[in-house]
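Chain residues, written in single-letter form:
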Amino acid sequence: MTNTFEQFKLQPYLLEAIDELNFKEPTAIQTEVITQVQSNRDIIGQSKTGSGKTHAFLLPLLNQLKEEANEVQIVITAPSRELAEQLYQATIQLTAHAPWEIQVSRFMGGMDKNRQIESLQSSQPDVAIGTPGRLLDLVKSNDLKTYTAFAMVVDEADMTLDLGFLEEVDQIAGTLSSTSQFLVFSATIPQKLQPFLQKYMNDPLKIEIENKEIISDLVDNWLISTKNRDRFNLIYDLLTIGNPYLVLIFANTKETVEELAKKLAEKGLNVGTLHGGLDSRERRRMMRSIHQLDYQYIVATDLAARGIDIEGVSHVINAEVPQDLSYFVHRVGRTGRNNIPGIAITLYSPGDEEDIQTIENMGITFEEKTIKNHEIVDAPQRRSDRKKPKQPLEYDAEIEGMAHKAKKKIKPGYKRKIRAKRRKKNQQKRRQENRRNKNKRRR
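This text gives an overview of the structure that appears in the document.

Scoring rules and cut-offs
Along each chain, the written sequence defines residue order, and numbers are assigned to residues from 1. Two thresholds apply to this predicted model, a pLDDT of at least 70 for residue-level local features and 80 or more for giving and counting side-chain atom pairs, whereas whole-chain, interface and lining totals are computed over all residues. The side-chain numbers reported here are obtained from all heavy atoms of the structure, hydrogens and water having been left aside. Each helix corresponds to a stretch of at least 4 residues labelled H or I by DSSP, and each strand to a stretch of at least 2 residues labelled E; elements are numbered beginning at the N terminus. A contact between two residues is defined here by any heavy atoms of the two lying within 4.5 Å. For accessible areas, the Shrake-Rupley method is used with a probe of radius 1.4 Å. Any residue's cover is judged against the shown protein chains and nothing else. A simple rule labels every residue: compare its accessible area, found with a 1.4 Å probe on the protein chains alone, to the largest value its type can have, and call it buried under 20%, exposed over 50%, or partly exposed in between. For patches, a residue must show more than 30% relative accessible area and have no salt bridge; joins then use 9 Å for like charges and 5 Å for nonpolar side chains, namely Val, Leu, Ile, Met, Phe, Trp and Tyr. When a carboxyl oxygen of Asp or Glu lies within 4 Å of a side-chain nitrogen of Lys or Arg, that pair is called a salt bridge. In summary, the charge assignment counts Lys and Arg as positive and Asp and Glu as negative, without counting His or the chain termini. Taken as the charge centre is NZ of Lys, CZ of Arg, CG of Asp or CD of Glu, depending on the residue. Should DSSP find at least two bridges between two strands, the strands are taken to pair. Only the stretch in contact is used when a helix axis is fitted, and all axes are lines through C-alpha atoms; the angle between N-to-C directions ranges over 0 to 180 degrees.

Structural notes on the overall build of the chain
When helices and strands are counted, the chain shows 16 helices and 15 strands. Here the contacts in the chain between residues at least 6 apart in sequence split such that 74% fall between residues at least 24 apart. As presented, the chain carries roughly 22,800 Å² of accessible surface, and 46% of it is formed by carbon and sulfur atoms.

A look at the environment of V75
Within the secondary structure layout, V75 lies in strand β2 (residues 74-77). Given a relative accessible area of 0%, V75 falls into the buried group. Sequence-wise, V75 and A151 are 76 residues apart; in three dimensions their C-alpha atoms are separated by 6.5 Å.

Quick look at a negative patch on the surface
A contiguous patch of negative charge, built from E6, E16, D19 and E20, is present on the exposed surface. If you trace the backbone, E20 turns up in helix α1 (residues 12-20).

Some thoughts on the sheet that holds strand β5 (residues 151-154)
The 7 strands are arranged β3-β4-β2-β5-β6-β1-β7 in an open sheet whose pairing can be described as parallel. In this open sheet, the two edge strands, each paired with only one partner strand, are β3 (104-107) and β7 (205-208). With strand direction ignored, the average angle separating the axes of adjacent strands in the sheet is 15°. One ladder, built from 3 bridges, connects strand β1 (residues 43-46) with strand β6 (residues 181-185); its direction is parallel. In the strand pairing of β6, G45 is matched with F185.

Printed below as a string of structure tokens:
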């Protein structure tokens, strides 16, 4: 029997909104989560990007809203302004046809705080969505009264932890009733997240939808060497071969993003940028322009790799291998969505060999390509010693101390320097070991 959204007994206005989205049947995580939310269970949800997680929690929670309550009923936190904006837009779409006015408000840094306070003094929103810092500011000033909420959602919890916002989320959660329902969604469940989960969640049900493949089988995953080639010219060639529909180009720093975008614009390409250096207004304008398909090419940092849903991405180009290799899957996951094939292309230099090997060890397979006469063709395999299993790197207190001290906000290239120093020290140790072995044989 085919699953349908009608089986969840959702209110007619929600079914109408689902029909507008052209959702035919619920995804695996939607089926699991909607049923359990309706049973009032606390939930820890894990699933891959693009699984439909957002609507999995929005639909059953919105279905429970009380008419004209004039109090906060649902609180949703997101670790970035872009993710909060995306959640807000999804909620607005779902509530557009409600028979009464459902007030949905977003609270993020960069927005006029005084105007938000004035609005809250006249009425409280039914659904409060925002970044942890701004939400907590308004809670502490007693302008936003979250203690009335029957449910709280912590979206992208591991990213919230990584960015240092878990303490703010903890304080917001502490204002809710002990009977409130808590839903936490995360790509991973780090050990440091456990105290928060144990503090607020009552016998939570863990729902993990197994990711059968790390990268969608709809994605052609290509690898191109930049050895003896100009990286920018390679990127320009890739963008002008054929006619890609929408391309996301990832770089590691905002400086590189701006430099790439400037060079591409000088070549006559219609380019947008997305990185943490844009102020709130610029970022909202850029996201709006991207969704309106005002740009065919978008150069971005990993800000756009995690959770942000940009429809119709036909190509992803990694201008650089990500410094945090876990972001490789998030980057590539921007294409090959909604049953539409995509192409992911990673440019790498000889210094990136170790990182490429690490990515391959995750179970990811590359097709090696090159560009000849403005055509993408198969490339010779990388040198054979790349395929030999590497000896484990020995622990070095000095280098591990450097790595431990490295934070998110570090100078560009710092992590790469640590990796290079690790490699150099281990190469020295291996050479010394080889010399000792030769001397033993001579004796």
